[in-house]
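# Topology and contacts: notes
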Amino acid sequence: MNKKVITAIIVWCGFLLIQPVCNFGFFNGPEGDGYTLAALIRPAVFDDYPLYKPLWRGFVAFVMIAVTMSFICPVRQIWSELGLGMNGFLNGWVIGTAFCLPMFITNAIAGEFVFSWENLFFSALWPGFFEEITFRAFPFGPLYRKCKWNFFLAIIIPTVAFALGHLYQSHDLMSALLTMAVTGLGSLLFAWIYVEWNFNLWVAIAMHAMMDAAWVLFPVS
């Protein structure tokens, strides 16, 4: 069997397995704290610190991604293959933050400053890191780079999964459709940025996190 086909099968198996384990449960609420399989094996210590539950979910997802990637590249190259090499860290955050400055300015004018370290981390910085790894770097990265899939073909299913994961933010059909449209377009944008900046995922992570930070620090209607 063709090596690209085998790689695609491995990547899809990993991605599809991660969804019920880490992203979608029977009653998946904000921060993914629903009845996912990861929640069922979560250490009891997290029950006393609800905000930290997403960190456990992320840990499980990252381990699963690392295991999957180990079948298609050397272990020492896994994180660089995903675009997480530290040589692009500073450059990525400078570029991503610069992109979001206009949004910070307009939100600061229209909104009221609200600050909380926990809210900033768990509602902005962590989602940017977690979601860009689990929906853009994987599976889109390997499918596009190693399997040479068409951009839209490689990103369409991760985009749908990403949009569905944000439906908890809606309260009726119209808001659900709007949520799906906005998050879907966001997924395409971040994937494009990932490609255009030579697969430096830190640019997409920084932009995603800073966009969320603008909403968290200066909430507007």
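This section reports on the structure supplied with the text. Remember, predicted model here, so these are calculated numbers, not experimental data.

## What about the overall build of the protein chain?
In terms of regular secondary structure, the protein chain is built from 10 helices and zero strands. From first element to last, N terminus to C terminus, the protein chain shows the α and β order α-α-α-α-α-α-α-α-α-α. Dimensions of the protein chain, computed from C-alpha atoms along their principal axes, come out at roughly 55 × 40 × 35 Å. The buried share of the protein chain, taken over its 221 residues, is 49%. A fraction of 74% describes how many contacts in the protein chain between residues 6 or more apart in sequence connect residues 24 or more apart. Charge centroids of the protein chain, computed over 10 positive and 12 negative side chains, lie 19 Å from each other.

## Thoughts on the environment of Glu 112
Inspection of the secondary structure puts Glu 112 in the loop between α5 (89-110) and α6 (117-137). Taking the C-alpha atoms as reference, Glu 112 lies 7.9 Å from Leu 217; in sequence the two are 105 residues apart.

## Description of the environment of Pro 43
Tracing the backbone shows Pro 43 in the loop between α2 (37-40) and α3 (53-69). Owing to a relative accessible area of 31%, Pro 43 belongs among the partly exposed residues under this scheme. Considered as a pair, Pro 43 and Lys 53 are 10 residues apart in the sequence and their alpha carbons are 9.5 Å apart.

## Here we look at the state of the cysteines
Considering all chains together, one arrives at zero disulfides under this definition. Take Cys 73: it sits in no disulfide, and the sulfur closest to it among the cysteines is that of Cys 147, at 12 Å. Owing to a relative accessible area of 6%, Cys 73 belongs among the buried residues under this scheme.

## Things to note about unusual backbone geometry
Each neighbour pair has its own omega, and for Phe 138 with Pro 139 the value is 10°, a cis peptide bond. Looking at the secondary structure, you find Pro 139 in the loop between α6 and α7 (140-145). The phi dihedral of Asn 198 is positive, around 55°, even though this residue is not glycine. Mapped onto the secondary structure, Asn 198 falls in the loop between α9 (173-196) and α10 (201-217).

## Notes on the packing of α6 against α10
Any two packed helices are characterised by how steeply their axes cross, that is the angle between the axes, and by the distance between the axes. For the pair α6 and α10, interaxial distance at closest approach is 8 Å and the crossing angle is 145°. Handedness of the crossing formed by α6 with α10: right-handed. Here the contact of α6 with α10 is built from residues that sort into 16 nonpolar, four polar and four charged.

## Regarding α10
For α10, with 17 residues, the first-to-last C-alpha span of 24 Å sits near the 24 Å given by 1.5 Å per residue. The element α10 is largely enclosed, with a buried count of 16 among its 17 residues. A distance of 3.1 Å separates the backbone nitrogen of Trp 202 from a side-chain oxygen at the start of α10, and that oxygen is part of Asn 200.

## Concerning the environment of Tyr 168
Assignment of secondary structure puts Tyr 168 in the loop between α8 (151-164) and α9. By relative accessible area, which is 37% here, Tyr 168 ends up partly exposed. Sequence-wise, Tyr 168 and Gly 14 are 154 residues apart; in three dimensions their C-alpha atoms are separated by 24 Å.

## Some points on the packing of aromatic side chains
In total, this model carries 27 aromatic pairs according to the counting rule given. On the numbers, 4.9 Å between centres and 85° between planes, the contact of Phe 121 with Phe 122 is edge-to-face. Taking 6.2 Å as the distance between ring centres and 85° as the angle between the ring planes, the aromatic pair formed by Tyr 144 and Phe 151 counts as edge-to-face. Overall, Tyr 144 belongs to the partly exposed group, its relative accessible area being 25%. Judged by its relative accessible area of 16%, Phe 151 falls in the buried class. The cationic tip of Arg 136 hangs over the ring face of Phe 162; the distance from NZ or CZ to the ring centre is 4.3 Å. Lying across the ring of Phe 199, Arg 145 places its NZ or CZ 4.3 Å from the centre.

Each value, and the rule that gives it
Residues numbered from 1 in each chain as written. Predicted model: local features only at pLDDT ≥ 70, side-chain atom pairs only at ≥ 80, totals over all residues. Heavy atoms only, no water. Helix = DSSP H or I, 4+ residues; strand = E, 2+ residues; numbered from the N terminus. Buried < 20%, exposed > 50% of the residue type's maximum accessible area, 1.4 Å probe, protein only. Contact = heavy atoms within 4.5 Å. Lys, Arg positive; Asp, Glu negative; His and termini not counted. Charge placed at Lys NZ, Arg CZ, Asp CG, Glu CD. Disulfide = S-S within 2.5 Å. Axes fitted to C-alpha atoms, helices over the stretch in contact; angles between N-to-C directions. Left-handed = near helix turned anticlockwise from the far one by under 90°. Nonpolar A, V, L, I, M, F, W, Y, C, P; charged D, E, K, R; others polar. Expected span 1.5 Å × (residues − 1). Polar contact = N/O pair within 3.5 Å; in protein donor to acceptor, adjacent residues only side chain to side chain. Phe/Tyr/Trp six-rings, centres within 6.5 Å; stacked < 30°, edge-to-face > 60°. Lys NZ or Arg CZ within 6 Å of the ring centre and 35° of its normal.

Geometry only, nothing functional implied.
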